[in-house]
Amino acid sequence: MLRTALRNVLAHKARLVMTVLAVCLGVAFVSGTLVFADSSAAAYRAAASQNFAGIAVTVSPKDPPPGAPADRTAGVLDDALARKLADVPGVAAVRPAVDGTATLNAADGTPLRADKAWAHPAAAYVPGKDGKDSRYPLVKGRAPANSGELAVDSGTAAAGHFRIGDTVTLATDGPAMTKRLVGIVTTKDTRVTAGGTLALFDKATAQQLFATPGHYTGIDLSATPGTGQPELSRRVSALLPADRAEATTGSAQATQQATNIDTMTRGYKKLPMVFAGVSLFIGSFLVVNTFTMLITRRTREIALLRAIGASRRQVVRSVLWEALLVGLVASAAGFVLGLGIASVLPDLLGTSSDPLPRGPLVIGPSPVVAALGVGVGVTVLAAWLPSRRAAKVAPVEAMRSAEQEPSAARSRVRAVTGSVLLALGAGLLISLTGAKDASEANLNSAMLGCAVLVVAMIVLAPLLASPVIRLTGCLTGRFGVAGLLARQNALRDPRRTAATASALMISTALVAGLAVLGNSTGQALDRQAAAGLGADYVIGTRTPTVAVDPAAVRRVADTPGVRTATAVTDSTMTLGGMGRAISGVDPDTVKDVMKLDLTSGSLADLGPGRIAVSSTIAREHGVRAGGKINASMGRGQDFKQYTVVAVYQDNPIAQDVLGARSEVAEHSFRPGSVQRILVRTDSGAISQKTEDRLRTAVGNNPLLTVQDRKALVREAAGAVGELLTLMYGLLAIGVVIAALGIVNTLAMSVAERTREIGVLRAVGMDRAGIRRMIRLEAVTVAAFGTLLGLAGGLFCAWAVGALANGAMTQYHFALPWGTLLLVCVVSLAIGALAAAVPARRAAALSPLEAVAES
């Protein structure tokens, strides 16, 4: 039976090529992503090891225990401790370090890498006895010598378009400052090589910014030859105050830094794995269809094997051996293609300002095992059902006919199973539409409902093929006899038609659903920004630990063209055991900068002990204007009763609770601080000139943002952009595999209908008519898959969107007509293009030879 399987594979190798390609794509994405992940991790580890190459042990202050003052461990690292550490046996050199973060503006005034808070290390340039800092070798200029000077690494200088002598604007955690660039260095810090920036100051300035004068944030020790890092760490630890400082080996720091960077960039690896899963799932239908058609053509052969003594188990094993051989070939080809994908992913996913690490490809056992497991596993599992079907055909029945119609009992089982699954999936989704609660549990239930619905559509597709294709046949019938024959050919074997169309159905459903969700969410964000914001600009902070300089509020208010500038202080309020966001505002100006739809009460009554709440908070706690609510403002504060003076419709700008800024500012993370400035211009006009004036008013601080409504919408819609990228990627994969399936099905169908095509040619149909018939058949199959996919995708998007309406009140179901039309056009075009080769081969058949074929 093994020899039989090998002979069958070689005999049908041309028809199995499409199957190999479909499985090969999924294997390539899986193995390529795993190799990329291993190679990236190795590159990060290598870079981190180089960065800590000269460091044996680092001494750093311990985090204070819970409840202890934050400055409890401050001041423990000083020059006196550094001198003591230098006398420890095995210590070759001591290098004090002062580390922090600093965000820089580029030469054009825009912040550098402001979207990554972890990518802005800053440090002190600490020269040794030779006047150089081995950790930051100078390549141009000199080291910073006073508080007005700065050095950066070569990557930061290139990204910011800096030159020696330029004035650089930067900020640490407060107002912006300017310094003159005097030096450019190189560094092996993985935070910087992964796309971050580096700022270096003289030691005294760094201590003022990140520690206290005379103290350090760490002390790096190098070891003498023959002294191991663990041993030196134990010696140093014995000298340190156990509750205030700790010693960490350089290798442990390198490992931790590489792990941190790898975790922060892990999102790059998710997208290829999603594509891998989709391509394998869709490709499995091509495997099922191919083996079903091959077995149908070889029914007489299988019957003969059964007649001469082959058991059902042997027939099954024979087919599975074929699938195993095909899977091995697909796995090998996919693994080789995956290596190519792994080599180009750093260039595809990285950018000049956000590079991914480069290094040799690391091929471990996991990608190899995954390639074999996925390729062989998917192929063998997909071929198992056709093999079982072949083994159940009785020898005598198989000898009578080369093509068996599905039994009525099997069709009834399919109908009942599909209907039950359809009812379960649709029922689950419909039951969630009234929840309007985008909780994790509801979203998981919605995903389960969508999955069950897709499975139901796959099961019912052969039964739906006849009515749907008869409906679309009204269009193909306009092409005369060729159109009528194309429709009949598609209806000849509904199971084959359904299996061929399933790949396109799944990809269309995914793309249609994601497109509707993305379009609806984007429009909701736009409406939400317009509905909740009365200001023309919002000046905010990039990180929650940064505050706006209160003096900047007056400068913004005095900016030409500004009518109103209102400071907002954000804090937290505990209600019913849950933390809520509270915005502190000026009751006299809040109506000018926020569009609040009050359901009761008045904001003029805001003051100490008096708050306004959103309608959601009011509903959850059963309060209304004039009522009382027990709450705690800020962290660690006692609970007290607050009077609710107003209730407003949910508003993302106002957040959950509104209070008087005079009270909220006392309970902010930094008392008296400002987190936002809402700006209303004289004419309501938005221009680059006004934005530049506002940036100047806040000192061009790179830690602050100046955004108009459109910018706020773009920022909130960042996830929508990622969704669109995923959507078009899924469409591309689905289209490719669907095209392979259509080509494969039509090629084998043409081979089965050789005599039929010969008869058509003999009775007068020309070559153009044959080609037209095959193309229309392909378009019919593609239209069937597209229609089912659109129906399923739109229904799932509607159900999931109902949940989003609970988290986003402005959400409404909105169809992206342009995108849906594009999906339909692309799907039908792929059907027509996929039929090109089979149609040409069919038209090239000689009538006499075709009719004579047995």
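Everything below is about the structure shown above.
These numbers come from a predicted model, not from an experiment.

Q: An account of the sheet that holds strand β1 (residues 57–61) is requested, with residue identities and associated values reported.
A: Overall, antiparallel pairing links the four strands, which are arranged β2-β11-β1-β12 in an open sheet. At either end of the open sheet lies a strand with only one pairing partner, and these are β2 (91–97) and β12 (245–249). Across the sheet, the axes of successive neighbouring strands diverge by a mean angle of 20°, strand direction being ignored. Inspection of the sheet shows β1 paired to strand β11 (residues 218–223) by three bridges, in the antiparallel sense. Directly across from Val59, in β11, lies its bridge partner Ile219. Contacts between helix α3 (residues 79–86) and the sheet are confined to β1, β2 and β11, with β2 contributing the most and set at about 165° to the helix. Most of the contacts of helix α7 (residues 229–239) go to β12, to which it runs at about 170°, and overall it touches β1, β2, β11 and β12.

Q: Tell me about the environment of Val30, residues and numbers included.
A: With respect to the secondary-structure elements, Val30 resides in helix α2 (residues 13–51). Residue classification places Val30 among the buried residues on the basis of a relative accessible area of 9%. Along the chain, Val30 and Ile341 lie 311 residues apart, while their C-alpha atoms are 9.9 Å from each other.

Q: Pulling in residues and values, what's your account of the side chain of Thr786?
A: Tracing the backbone shows Thr786 in helix α26 (residues 767–807). Residue Thr786 is classed as buried on the basis of its relative accessible area of 4%. From its side chain, Thr786 meets the backbone oxygen of Ala782 in a polar contact 2.7 Å long. Once residues within four sequence positions are removed from consideration, Thr786 is found in contact with Leu504, Thr508, Cys824 and Ser827.

Q: Now, about helix α18 (residues 550–557): what can you tell me, with residues and values included?
A: Every buried residue belonging to α18 is among Ala552, Val553 and Val556, and all of these are buried. Down the axis of α18, the buried set is contained in an arc of 110°. They therefore lie on one face. On the buried face of α18, the contacting elements are β13 (537–541), β14 (562–575), β21 (676–681) and α22 (688–697).

Q: Which residues make up the pairing of strand β9 (residues 177–185), and what values do they have?
A: As paired strands, strand β6 (residues 138–141) and β9 are joined by three bridges and run antiparallel to one another. What sits directly across from Gly141, in β9, is Gly183. Bridge count between strand β7 (residues 149–153) and β9: five bridges; the pairing is parallel. By the bridge assignment, Ala151 is partnered in β9 with Gly183. Connecting the antiparallel pair strand β8 (residues 167–171) and β9 is a turn made up of five residues.

Conventions we followed
Residues numbered from 1 in each chain as written. Predicted model: local features only at pLDDT ≥ 70, side-chain atom pairs only at ≥ 80, totals over all residues. Heavy atoms only, no water. Pairing = 2+ DSSP bridges. Helix = DSSP H or I, 4+ residues; strand = E, 2+ residues; numbered from the N terminus. Axes fitted to C-alpha atoms, helices over the stretch in contact; angles between N-to-C directions. Contact = heavy atoms within 4.5 Å. Buried < 20%, exposed > 50% of the residue type's maximum accessible area, 1.4 Å probe, protein only. Polar contact = N/O pair within 3.5 Å; in protein donor to acceptor, adjacent residues only side chain to side chain. Arc of directions from axis to C-beta.

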